[in-house]
Amino acid sequence: MKRKLVTLSRIINTGAVNFVRNAWLAIAAMAVMVITLTIVLFSIIANATFTNTIEQITAKIDVSAFLKDGLPQEDIDNFIEEVEGLSNVKTTNYVSKEEALKKYIADNSDNPDLLSAVSQTDNPLPATIQIKPNDLNRLDEIRKFLDKSESREIVADVSYKDDRKEAIDKITHATNLLQRAGIVAVLVFAVISVLIIFNTIQMAIFNRRDELTIMRLLGASTSYIRGPFVVESIIYGILSAIISTLLIHLLFVASKSALQATSLGLLDINYSATYFKGHFWWLLLMQLGIGILIGAVSSIVATRRYLKFKTKK
Amino acid sequence: MLDHVDAVTHPKGYKIPATPAGILYSGLFAIIELMILLDRVTKTYGRSATPALDRISLHVEPKEFVIVVGQSGAGKSTLLKLLTREERPTTGKIIVGGIDYDKLRDKDIPLLRRKIGVVFQDFKLLPNRTVFENVAFALEIVGMGNREIRHTVPKVLDIVNLKGKEKRLPMELSGGERQRVAIARAIVRQPKILIADEPTGNLDPKHAWDVIAVLEKINRYGTTVLLTTHNQEIVNKLKRRVITIQHGQVASDLAKADYKI
């Protein structure tokens, strides 16, 4: 037990000492790790920001059912209840004829022609049920329900058709694509980073393969040879994760003072900064996790080939 | 087959009667008293037509000092690599210090190597570690405590005349000093066997003799030494058992011999 502790402390100590003694190698390896980890972190924040923007756009989309005039209130209430029972309906909002007129007048207060047009006749605006869907891709379900013959006794018309339907479908399609592209981008960056970091550590160990074979010839056990390299790679991972998270933090601090605009195209910087702040510890933990895991795994894999015993006769 | 058994003349010329008891005794003798036993060992690399070692049989007793000579490519290095289990024989049996290599599992190879001290021609020192750390490494891997290491390493550095150079890096040492560090590392665990692969190959005559002197000293303390060399002068002056290897076979095996290639 004591001997094991001595060995463990030696492995950790040797790893730390090697880290210091191979400072240039460490800096080179860490520079690569910092860059790739920063790109991964950046792509995660960008993806979260895009998702947020998309949510804000899609939140504005709803389907309106325009009701026939002169229906008893009881029938309308029953119908609303039925609509709310649909699986894809998130919320409904009932706007009576009077409310619709009030809103119309308020919206067009600077256009006397339109105002006189509505004031001269009876209220021409229909009562409306505004339906917010859960999933934009399944708007057709709501439409089908509203088009049923039983529904048609109450509903005069549906907004989700013709030009409007086309526009909504286009937005839905575009946002779907963007969201998928975001996830794919994060994954691609993550995979590339893993490969680059793996390769970097493999190069670092390749540089010192002689040490590995010497230790092997002297009768060191696999874990005793490999341990310090794993420790060293884990130190790379930890430091790189911290540095890359700090870099992003500095980037936000700098952009706040340097950029007057709050968004760059689709990228809402304000939201990005808030997201980063709100998830700081979680993101740092994730970076540490990636750094440590890749460091450990790649050093184990990279040392393996130099530690093999010849089995060929 | 028999002619090869005959080829293994015991250097001290023991005659064991061919009775069942004698045969049994000789069998026990081989396992218990011999430090190194090679029995018809052949090693062929890859698909090469000619074997590097061709049915070599050897006995080395405890505390012997054996010099292996032979031209480059004769099979000396292969022989040493088989003993340290860097390579595996294509056929034949190897027993070193009572360990049968056929029964050796991969995870026990480090344990075997800890029992054999090896000095390499190219030193094989760890470049990032000081003299002290290089020697201490051999003790660290067997799990020796720090206090004992601090106690043992200076003593061994004293034997190889490297006192005061503990904190140097290998880069800062001369060839002879490096080789003595390598020897210190090989003997610090007090192995029963020391294998020295042309330890003087890269050294000038003065340093070469320093190294040989250390090997003789270690041998006097009771360690079996197996030395390969090209240096005729050293062989002739040592007056020890000389095994000559030619074309992968034992060409001669003589006690207190001279260099004869």
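Note that the structure is a prediction, hence the values are computed from the model and not measured.

Student: Describe the domain arrangement of chain A, and please don't skip the residues or the numbers.
Tutor: Taken as a whole, chain A is organised into domain 1 (2-57 + 172-307) and domain 2 (69-153). Relative to domain 2 of chain A, the C-alpha centre of domain 1 of chain A lies at a distance of 53 Å.

Student: Give a description of the interface of chain B and chain A that names residues and reports values.
Tutor: Listed as interface residues are 21 residues of chain B and, on the opposing side, 18 residues of chain A. Secondary-structure elements contributing two or more residues to the side of chain B that touches chain A are helix 4 (109-115) and helix 5 (131-140) of chain B. Residue classes in the side of chain B that touches chain A are distributed as eight nonpolar, five polar and eight charged.

Student: Could you give an account of the pairing of strand 7 (residues 193-197) of chain B, with specific residues and numbers?
Tutor: All names here are of chain B. With five of its five residues buried, strand 7 lies for the most part within the structure. A two-sided burial pattern is seen for strand 7, the buried positions comprising Ile-193, Ile-195 and Asp-197 on one face and Leu-194 and Ala-196 on the other. The pairing of strand 6 (residues 116-119) with strand 7 spans four bridges and is parallel. Within the sheet, the bridge partner assigned to Val-118 lies in strand 7 and is Ile-195. Looking at chain direction, strand 7 and strand 8 (residues 224-228) are connected through five bridges and run parallel. Pairing of Ile-195 across the sheet is with Leu-226, part of strand 8. Since strand 7 and strand 8 lie parallel, the crossover through helix 8 (residues 205-220) that links them has a hand, and here it is right-handed.

Student: Let's hear about the nonpolar core: which residues, and what values?
Tutor: The biggest cluster of nonpolar side chains holds 105 residues, and the ones touching the most others in it are Ile-36, Val-135, Ile-183, Ala-184, Ile-195 and Val-225 of chain B. Of the residues forming this core, the biggest block, 10 residues, is contributed by helix 10 (residues 222-258) of chain A. Ignoring any residue separated from it by four or fewer positions in sequence, one finds Ile-36 of chain B in contact with Leu-58, Val-60, Leu-83 and Val-96 of chain B.

Student: Go over helix 8 (residues 162-207) of chain A, please, and point to the residues and values.
Tutor: If you check helix 8 of chain A, its first and last C-alpha atoms are 67 Å apart, about what 46 residues at 1.5 Å a residue would give, namely 68 Å. All of the buried residues along helix 8 of chain A are Ile-168, Thr-175, Ser-193, Ile-197, Thr-200, Ile-201, Ala-204 and Ile-205 of chain A.

Student: Any chance you could break down the environment of Lys-43 of chain B for me, citing the residues and the numbers?
Tutor: Residues and elements named next belong to chain B. Position of Lys-43 relative to the elements: it lies in strand 1 (residues 36-43). Separated by 39 residues in sequence, Lys-43 and Leu-82 have C-alpha atoms that sit 8.7 Å apart. Ignoring sequence-local partners within four residues, the contact set of Lys-43 consists of Pro-51, Ala-52, Leu-53, Thr-78, Leu-82, Glu-87, Pro-89 and Thr-90.

Student: An account of the environment of Val-118 of chain A is needed here, citing residue identities and associated values.
Tutor: Residues and elements named next belong to chain A. By secondary structure assignment, the location of Val-118 is in helix 5 (residues 112-120). Look at Val-118 and you get partly exposed, because 15 C-beta atoms sit within 10 Å. Distance from Val-118 to Tyr-104, taken between C-alpha atoms, is 9.2 Å for residues 14 residues apart in sequence. With near-sequence residues (within four places) excluded, Val-118 lies in contact with Leu-101, Tyr-104 and Pro-124.

Student: An account of the sheet that holds strand 4 (residues 155-158) of chain A is needed here, citing residue identities and associated values.
Tutor: Residue and element names in this part refer to chain A. Pairing within the open sheet is antiparallel, and its four strands lie in the order 2-3-1-4. Only two strands of the sheet have a single neighbouring strand rather than two, namely strand 2 (89-95) and strand 4. Each strand of the sheet is rotated relative to its neighbour by a mean of 25°, with strand direction disregarded. Taken together, the four bridges between strand 1 (residues 63-67) and strand 3 (residues 128-133) define a ladder with antiparallel strand orientation. Paired with Phe-66 across the bridge in strand 3 is Thr-128. Packing against the sheet, helix 3 (residues 73-84) makes contact with strand 1, strand 2 and strand 3, and its axis sits at approximately 160° to strand 2.

Reading the values: the criteria
- Residues numbered from 1 in each chain as written.
- Chains lettered and ligands numbered in written order.
- Predicted model: local features only at pLDDT ≥ 70, side-chain atom pairs only at ≥ 80, totals over all residues.
- Domains from an automatic or database assignment.
- Contact = placed C-beta atoms within 7 Å.
- Helix = DSSP H or I, 4+ residues; strand = E, 2+ residues; numbered from the N terminus.
- Nonpolar A, V, L, I, M, F, W, Y, C, P; charged D, E, K, R; others polar.
- Buried ≥ 20, exposed ≤ 12 C-beta atoms within 10 Å, placed from the backbone.
- Pairing = 2+ DSSP bridges.
- Right-handed = clockwise from strand over helix to strand, strands pointing away.
- Core = buried A, V, L, I, M, F, W, Y, C linked by C-beta atoms within 7 Å.
- Expected span 1.5 Å × (residues − 1).
- Axes fitted to C-alpha atoms, helices over the stretch in contact; angles between N-to-C directions.

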